[in-house]
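# Observations on chain architecture
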Amino acid sequence: MPKYPNPYAAVNDADLLSEAFARSEDGRDPLSSLRAEFVIPTKGDLRNKQYGPLGNQAAGAHSEDDDHEESVYLCGNSLGLQPRRTREYVNRYLDTWASKGVFGHFKPLEGGHPPWLDLDDALKEQTARIVGALPSEVVVMETLTANLHLLMSSFYKPTPDRYKIIIEGKAFPSDHYAAQSQLAHHNIPSSALITITPPSADSPYLTTEHILSVISQHNASTALVLLPGIQFYSGQFFDIELITRHCHSLGITVGWDLAHAVGNVPVKLHDWNVDFAAWCNYKYMNGGPGVIGGLFVHDNHAKVEQTQVDGDAKHINHNQLVYKPRLSGWWGSDKSRRFRMENEFVPIPGASGFQLSNPSALDMTSVLASLDVFSLTSIEALRARSLRLTAYLEERLLRYDSKPPPYKIITPANPAERGAQLSVLLNPGLLDHVLNYIEEHGVVVDERKPDVLRVAPAPLYNSFWDVHRFVVIFQEGCRRAIARTGSKSAETTNGAS
Ligand SMILES: Cc1ncc(COP(=O)(O)O)c(C=O)c1O
Ligand SMILES: Nc1ccccc1C(=O)C[C@H](N)C(=O)O
């Protein structure tokens, strides 16, 4: 009996491997209709000779029908696809700018969209639902790495006793650089950056026990733990609640990078008492490349301010508020006084007070479009679909026509420890051949050299049919790659999964 039974394990090969099976799974899931909310590039779009990313293919190499077929886009963990309504919303924004100019900041817009000045408030409720927060605890602002720095400027307060930052050894480089440069910014030696590395060199998996033990080991000297909700390379979903609780029990502040978690898995940042978190809106959130990101600050950190305000409302000097110190800008200051030019910073209570600049209304509009798609369902319903889609992908990958397969899945087998993404480690020497083949056949996934493909069926727009087509093309790519490289080792090295 496998430790984590896959719901598709009992289905026989004849059914499971058929296109009809995938189509029927799509047919019985009401959320399948959300795919129509997105623009799915066709294979022909991707092969376009002049501009297509796969434009090196010989002319006429594929039939017209094949060119017109939707591509197999399983790369929402890097860049989510475009919601159809984004173009409509952005066009409306352009029209407003063209016809109203500066009045667009203040006047309600056609289609019920708020004036640009209020777009930040308009995005709070939907964002809060997605990350399990109160609206006051979230704000859409800046970009991920910039937000991590802004948050660390408030939450990383090294003292002679507590000064270390703990991250994971394979942290996304930007997070590593951010933590490293925070140390340098405070004149603290780089040896104070503690990295949690997997106990075994063969696997990127970090057990929760191991994470907790490294934190405990450094507890007296650690000021901050900064971890990803979902690890970008392995796809591992960490136990945010337990790790946060552990850090707090040791007096350590903890922040989470939710780049790969937001819009992918349900999180409960408020209930789990997370101190702070930041994310981008361009992966599973589908806001567009490099679009404005978001952050969370727990309301616990605003309580001090409330007490002071309530305590002596008449004699408040807002500059003196015992409030999280932060690097400030005018957009974080009280809206009603923003245009008085008084040079008195009065932080908006909660996360909004961390804003710096006038945010791009174009970006906010794009995020609004994507949030409106999320509002057609719930993150819990999406998760239920995602669990099925990823389980189906896993079961299909495990069924290869010879045993063992020339690849293994390095993402945890436990569904509770992963989101949509499965990372597939190919036997040495196969990756380039396989990638060439699958790209030629209209598959978009992400490669991490030297040997990993990351495959992410996004529950909002990917279908069982996508997964079916991916596996058929991928496994054929593997067979051809093995035939071409003729490498015996390629057939056996990684096959022990
Ligand atoms: C985990 C993680 N952190 C940080 C980044 C960098 O984000 P940005 O370039 O938006 O700052 C990314 C993605 O690019 C990421 O996946
Ligand atoms: N922003 C990008 C721009 C170009 C190429 C990739 C990205 C990514 O976001 C990579 C992502 N963080 C990842 O884990 O794949």
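Bear in mind the structure is a predicted one, so any value in this text is a computation, not a measurement. (Residues numbered from 1 in each chain as written. Chains lettered and ligands numbered in written order. Predicted model: local features only at pLDDT ≥ 70, side-chain atom pairs only at ≥ 80, totals over all residues. Heavy atoms only, no water.)

## Observations concerning the confidence of the model for the protein
As a reminder, the rule being used: Confidence scores per residue from the predictor, reported as pLDDT, run from 0 to 100. Throughout, a contact is declared for two residues whenever any of their heavy atoms are within 4.5 Å.
The share of residues in the protein with pLDDT of 70 or more is 91%, and the mean pLDDT across the chain is 91. Below a pLDDT of 50 lies the segment residues 488–497, which in the model reaches 23 contacts outside its immediate sequence neighbourhood of four places, other chains included. Scoring of the predicted complex yields 0.93 for pTM and 0.98 for ipTM.

## Brief notes about the environment of T197
The line we're drawing: Numbering of helices and strands starts at the N terminus; helices are DSSP runs of H or I of at least 4 residues and strands are runs of E of at least 2.
Topologically, T197 is positioned in the loop between β6 (193–196) and α10 (208–217). Each C-alpha atom of the pair T197 and E209 lies 13 Å from the other, and the pair is 12 residues apart in sequence. Among all residues touching T197, those that are not within four sequence positions of it are G169, L206 and H210.

## Some remarks on the site of ligand 2
Condition: Nearness is judged by heavy atoms alone; a residue qualifies as near a molecule or strand once a single heavy atom is within 4 Å of it. In protein, a polar contact means a hydrogen-donor-capable atom and an acceptor-capable atom, both N or O and within 3.5 Å, with residues adjacent in sequence counting only if both atoms are side-chain atoms; elsewhere, any N or O pair within 3.5 Å suffices. Here, Shrake-Rupley sampling with a 1.4 Å probe gives the accessible areas, and only protein chains in the shown set may cover a residue.
Taken together, S78, F172, F232, H260, Y282, K283, R448 and R454 make up the full set of residues near ligand 2. Contacts to ligand 2 include R454, whose side-chain N or O atom sits 2.4 Å from an oxygen atom. Summarising the interface, the protein chains cover 58% of the accessible area of ligand 2, which totals 370 Å² for the free molecule.

## Considering the pairing of strand β5 (residues 164–168)
Worth spelling out the cut-off: For each residue, the accessible area found with a 1.4 Å probe, counting protein chains only, is set against the maximum for its type, and the residue is called buried under 20%, exposed over 50%, and partly exposed in between. What makes two strands pair is DSSP finding at least two bridges between them. The definition of a right-handed crossover adopted here requires that, viewed with the strands pointing away, the path from the first strand over the helix to the second runs clockwise.
Within β5, five of the five residues are buried, which leaves it mostly tucked inside the rest of the structure. Inspection of the sheet shows β5 paired to β6 by four bridges, in the parallel sense. Bridge pairing in β6 links I167 to T195. Each parallel crossover has a hand, and the one from β5 via helix α9 (residues 173–185) to β6 is right-handed.

## Structural notes on the site of ligand 1
The condition is simple: Think of it as three bins: nonpolar holds Ala, Val, Leu, Ile, Met, Phe, Trp, Tyr, Cys and Pro, charged holds Asp, Glu, Lys and Arg, and polar takes everything else, Gly as well.
Around ligand 1, a shell composed of L144, T145, F172, D175, D257, A259, H260, Y282 and K283 is seen. One of the side-chain nitrogen or oxygen atoms of T145 is found 2.5 Å away from an oxygen atom of ligand 1. Considered on its own, ligand 1 offers 390 Å² of accessible surface; in the complex 82% of this is hidden by protein. Considering only residue class, the shell around ligand 1 consists of four nonpolar, two polar and three charged.

## Digging into the sheet that holds strand β12 (residues 422–426)
Definition in use: For helices, the fitted axis covers only the stretch in contact; all axes are lines through C-alpha atoms, and the angles between them, taken along N-to-C directions, range from 0 to 180 degrees.
An order of β11-β12-β15-β14 is seen for the four strands of this open sheet, with the pairing classed as antiparallel. Sheet topology places β11 (407–409) and β14 (446–448) at the edges, where each strand pairs with a single neighbour. Across the sheet, the mean angle separating the axes of adjacent strands is 25° when strand polarity is ignored. Sheet topology places β11 next to β12; three bridges connect them, and they run antiparallel. Paired with I409 across the bridge in β12 is V424. Of the strands in this sheet, β12, β14 and β15 (452–455) are in contact with helix α15 (residues 431–440), which crosses β15 at around 35°.

## Some points on the environment of L109
Positionally, L109 belongs in the loop between α5 (84–100) and α6 (119–122). Here L109 falls in the buried class, since its relative accessible area comes to 15%. Separated by 372 residues in sequence, L109 and A481 have C-alpha atoms that sit 55 Å apart. The contacts of L109, once residues within four sequence positions are left out, are T96, G104, P114, P115 and W116.

## Concerning unusual backbone geometry
In this structure, the amide linkage connecting K403 to the following residue, P404, adopts the cis form with an omega of -5°. Residue placement: P404 occurs in the loop between α14 (379–398) and β11. A cis amide bond links K449 to the next residue, P450, at an omega of 5°. The backbone of N273 sits at a positive phi, close to 60°, despite the residue not being glycine.

## As for empty space enclosed by the protein
The following threshold applies: Cavities and pockets are defined on a 1 Å grid built over the protein atoms alone: a cavity is a set of grid points where a 1.4 Å probe fits but cannot escape, while a pocket is an open set with protein on both sides within 12 Å along at least five of seven lines, and lining residues are those with an atom within 4 Å of any such point. Grid points are joined across faces, edges and corners, and a volume is the space filled by probe spheres set on the points.
Following the criterion strictly, the structure yields four cavities of 30 Å³ or more and no others. Estimated volume of the largest cavity: approximately 50 Å³. Those elements giving two or more residues to the lining of the largest cavity turn out to be α5 and α13 (361–374). With three residues, α5 is the single largest residue contributor to the lining of the largest cavity. The class makeup of the residues in the lining of the largest cavity is seven nonpolar, two polar and one charged.

## Brief notes about the side chain of D120
Position of D120 relative to the elements: it lies in helix α6. Aside from chain neighbours lying at most four places away, what touches D120 is W331, K335, Q355 and M364.

## Side note on the layout of surface pockets
The computed volume of the largest pocket comes to approximately 610 Å³. Around the largest pocket sit 21 residues that line it, and E394, I409, T411, P412 and A413 are the ones nearest its centre. For the lining of the largest pocket, the secondary structure elements donating two or more residues are α14 and β11. In terms of residue count, the dominant contributor to the lining of the largest pocket is α14 (three residues). A class-by-class count of the residues in the lining of the largest pocket yields 11 nonpolar, four polar and six charged. For the second largest pocket, the calculated volume is near 410 Å³. As for the second largest pocket, its lining consists of 19 residues, of which G80, L81, Q82, G288 and P289 are closest to the centre. Mapped by element, the contributors of at least two residues to the lining of the second largest pocket are β3 (82–83), α5 and α13. Sorting elements by how many residues they give to the lining of the second largest pocket places α13 first, with three residues. A per-class count over the lining of the second largest pocket returns nine nonpolar, seven polar and three charged.

## Here's the deal with the packing of aromatic side chains
The criterion, for reference: Between the rings of Phe, Tyr and Trp (Trp by its six-membered ring), a pair exists once the centres lie within 6.5 Å; its type follows the angle of the planes, with under 30 degrees stacked, over 60 edge-to-face, and the other angles tilted. Charge-over-ring contacts are defined here by two conditions on Lys NZ or Arg CZ: a distance within 6 Å of the ring centre and an angle within 35 degrees of the ring normal.
Overall, the coordinates contain 17 aromatic pairs when judged by the stated rule. Between Y407 and F474, the aromatic rings sit 5.1 Å apart at their centres with planes inclined by 55°, giving tilted as the arrangement. In this pair, Y407 sits in strand β11 while F474 sits in helix α16 (residues 464–485), placing the two residues 67 residues apart along the sequence. F474 shares its class with Y407; the two are buried. Seen from the ring of W331, R338 lies directly overhead, with NZ or CZ sitting 3.9 Å from the centre.

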